[in-house]
Amino acid sequence: MEKLKLLNDRIVSRVNASFREREFDFNTGKFVTNAIEYDKLVKFYCIYGITSNYPVDFKFKHSSMAGSYFLGKCSVNQSIIYKSDIRGDELKRKEKNIAPSNSLPLIKDETILIKSSLLYKTLVHNNSHNPMTPEEFTIKNTVSAHYANIHGTTTEGCFLGPFSTVDQMNLHSCIVGEFSYIQAGDLFHRRIDPGVVHIETDDFRFLFKYEKKVIDTYIGVNEFCQPRGTIYQFVHKKEPEYERLFEVIDLKPKPMNIPQSSALNRYAVIKGGTKIGENVFISQRAYIENTYMGDGSNAQENTYIINSRLMGLNITAHGGKIINAEIGQKTFVGFNCFLSGKKDGKLIIGKGCIIMPHTIIDTETFLEIPENHVVWGYITGEKDIETNTMPIDNFIKSKGKFNIGKMEFSGSGKIFINSFKDRIEHILEANGAYCDHDKNLRGHAQEGRQISFNTLQPYRSGKHEGLYPFIRIRP
């Protein structure tokens, strides 16, 4: 295991070098030392999905990929990827334009490129929003902690705290605190506090910050830089269910009545009492139990939907958690949300709502949020609805600057809402919610049934123990 430990030290030193240049008082080694268990890096195999729907090209060198899942064009060099999902099914293709406003086609199909980084139980998805590197979705010299999301974001010399999300932007030498969601263009040499939700464009700015006591309760970190709190404990208790999937190669799925238009990934956990409608997509590492998934709904990576009903065309974005709830039709649940009702006091969310990323709703009794509302922040009861929600129609009419509770907004409410609605439509279309074979309209829910999985394993002993040999898979 000599080479594996040397690789780990090299990654830490490169990330720390970025922070020393900016005089950040932060050492990634403290997190890594207490997170990495070297014996587990040898224990789990990794998976590469092959399908004719996406370009096949997977290469890695002097790296470790224990328990990780790869799809699409991926290149990994001198990195440790532990129980992560590197999902390249929405990478840009060379026969298509970079963007509707740009007539220049790509030179080659886009690749997820990971160099000298440690991604710990991290999701990587979508495609690069960096106009300087349209053919490469690059993650370089970065350490990413438990259940963080890197979604269309270039990262260079960064640390992402547990349950943080960086979305459709570019980060350079930044530290992102636990449970923060950032979508704000380019950020250089910034330290983001824990529990910040910050979305900013030229047209609007949305800002919310959790109180420290709330973050400490739900997803704080201890003196060893490891996650703790209600959300982490909830996820941690379910982890053995996934470990079994990655320990057994020939695992026969439980028989279920699943429509031909829907797809349940072989590496998802589906438990008793679950019913699946038409055009439903359930990603790897989703956890569904005693739940109705209405037509056109999707459950993305690291989602947990338990004892709930999703009425149809529902999006549960990466890391979203829904427990003892009923979610109305075409309601969007954002990244890493935690929506928890009680068995004898359901949480009801009306149709057409936008639940902002990293929202926490944790109720003790019955609670209903009306339809067509924007929802954010921290809600524990009826009293919080007034300061943490707003009718979508009112938001659309808003201009200039206003505050509701701890949320600050400035700019065009109409553009803000329309950007979410456009994104919701894109996600539904990409995931196959509007499948129509006659019109050749298919998505992940239909194409996902055609994926074959290839398992790869590391050296089991010697100085290379835990590392994988140089391998390339291509057509």
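Right above here is the structure, for reference.
Please read all numbers here as calculations on a predicted model, not as lab measurements. (Residues numbered from 1 in each chain as written. Predicted model: local features only at pLDDT ≥ 70, side-chain atom pairs only at ≥ 80, totals over all residues. Heavy atoms only, no water.)

## Observations regarding the state of the cysteines
Stage number 1. In the structure shown here, the tally under the stated rule is zero disulfides.
Stage number 2. The structure places no disulfide on Cys74, whose sulfur is separated from the nearest cysteine sulfur, that of Cys46, by 10 Å.
Stage number 3. The class of Cys74 is buried, set by a relative accessible area of 2%.
Stage number 4. Considering cysteine sulfurs only, Cys158 is the nearest to Cys174, which forms no disulfide, with 5.0 Å between them. (Disulfide = S-S within 2.5 Å. Buried < 20%, exposed > 50% of the residue type's maximum accessible area, 1.4 Å probe, protein only.)

## Brief notes about the environment of Ile80
Stage number 1. Along the chain, Ile80 falls in strand 5 (residues 80-82).
Stage number 2. Taking relative accessible area as the criterion, Ile80 reaches 0% and is therefore assigned buried.
Stage number 3. Sequence spacing of Ile80 and Leu467 is 387 residues, and the spatial spacing of their C-alpha atoms is 8.8 Å.
Stage number 4. Apart from residues no more than four positions distant in its own chain, Ile80 is found in contact with Leu4, Leu7, Asn8, Ile11, Leu41, Ser64, Ser117, Leu118 and Leu119. (Helix = DSSP H or I, 4+ residues; strand = E, 2+ residues; numbered from the N terminus. Contact = heavy atoms within 4.5 Å.)

## Remarks on helix 4 (residues 212-219)
Stage number 1. Buried within helix 4 we find Val214, Ile215, Tyr218 and Ile219. Down the axis of helix 4, the sector holding all buried residues measures 95 degrees, keeping them to one side. Relative to its buried face, helix 4 has exposed residues pointing more than 90 degrees away, namely Lys212 and Lys213. (Arc of directions from axis to C-beta.)

## Quick notes on a positive patch on the surface
Stage number 1. A cluster of like positive charges, contributed by Lys3, Arg10, Arg14, Lys115, Lys140 and Lys463, occupies part of the molecular surface.
Stage number 2. The element that contributes the greatest number of residues to the positive patch is helix 1 (residues 2-21), accounting for three residues.
Stage number 3. In this structure, Lys3 sits in helix 1. (Patch = residues over 30% accessible without salt bridge, like charges linked within 9 Å, V, L, I, M, F, W, Y side chains within 5 Å. Areas by Shrake-Rupley, 256 points an atom, 1.4 Å probe, with all protein chains shown as cover. Salt bridge = Lys/Arg side-chain N within 4 Å of Asp/Glu carboxyl O. Lys, Arg positive; Asp, Glu negative; His and termini not counted. Charge placed at Lys NZ, Arg CZ, Asp CG, Glu CD.)

## Overview of the side chain of Glu447
Stage number 1. Its location among the elements puts Glu447 in helix 9 (residues 444-447).
Stage number 2. Salt bridges are absent for the buried Glu447, whose nearest opposite-charge side chain, Arg442, sits at 4.8 Å.
Stage number 3. Within polar-contact distance, the side chain of Glu447 engages the side chain of Tyr54 at 3.1 Å.
Stage number 4. Contacts of Glu447, omitting those with residues within four sequence positions, involve Asn53 and Tyr54. (Polar contact = N/O pair within 3.5 Å; in protein donor to acceptor, adjacent residues only side chain to side chain.)

## Observations regarding the sheet that holds strand 30 (residues 281-282)
Stage number 1. The strand order 27-30-33-36-39-42-45-47 describes an open sheet built from eight strands, whose pairing is mixed. The two strands at the open ends of the sheet, each matched to only one other strand, are strand 27 (263-264) and strand 47 (389-391).
Stage number 2. Two elements, strand 33 (residues 298-299) and strand 36 (residues 315-316), share two bridges in a ladder whose sense is parallel. Bridge pairing in strand 36 links Ala299 to Thr316. (Pairing = 2+ DSSP bridges.)

## Quick look at the packing of aromatic side chains
Stage number 1. Following the criterion strictly, the structure yields 35 aromatic pairs and no others.
Stage number 2. Taken together, a centroid distance of 4.8 Å and an interplanar angle of 35 degrees make the contact between Phe58 and Phe70 tilted. Separated by twelve residues along the polypeptide, Phe58 in strand 2 (residues 58-61) and Phe70 in strand 3 (residues 69-71) bring together distant segments of the chain.
Stage number 3. Here the aromatic rings of Phe416 and Phe420 are separated by 5.3 Å at their centres, their planes lie at 65 degrees, and the arrangement is edge-to-face. Here Phe420 and Phe416 lie together in helix 8 (residues 413-430), a separation of four residues that amounts to about one turn.
Stage number 4. Three or more aromatic residues joined by ring pairs make a cluster, and in this case those are Phe204, Phe206, Phe332, Trp376, Phe395, Phe402, Phe409, Phe416 and Phe420.
Stage number 5. The cationic tip of Lys5 hangs over the ring face of Tyr38; the distance from NZ or CZ to the ring centre is 5.4 Å. (Phe/Tyr/Trp six-rings, centres within 6.5 Å; stacked < 30°, edge-to-face > 60°. Lys NZ or Arg CZ within 6 Å of the ring centre and 35° of its normal.)

## Considering helix 2 (residues 28-35)
Stage number 1. Among the residues making up helix 2, those that are buried are Thr28, Gly29, Phe31, Val32 and Ala35. Buried residues of helix 2, viewed axially, fall in a sector of 160 degrees; they line one side.
Stage number 2. Two to three positions downstream of the cap, the backbone nitrogen of Gly29 sits 2.9 Å from a side-chain oxygen, assigning the N-cap of helix 2 to Asn27.

Honestly, that's just the spatial picture; any functional story needs more than this.
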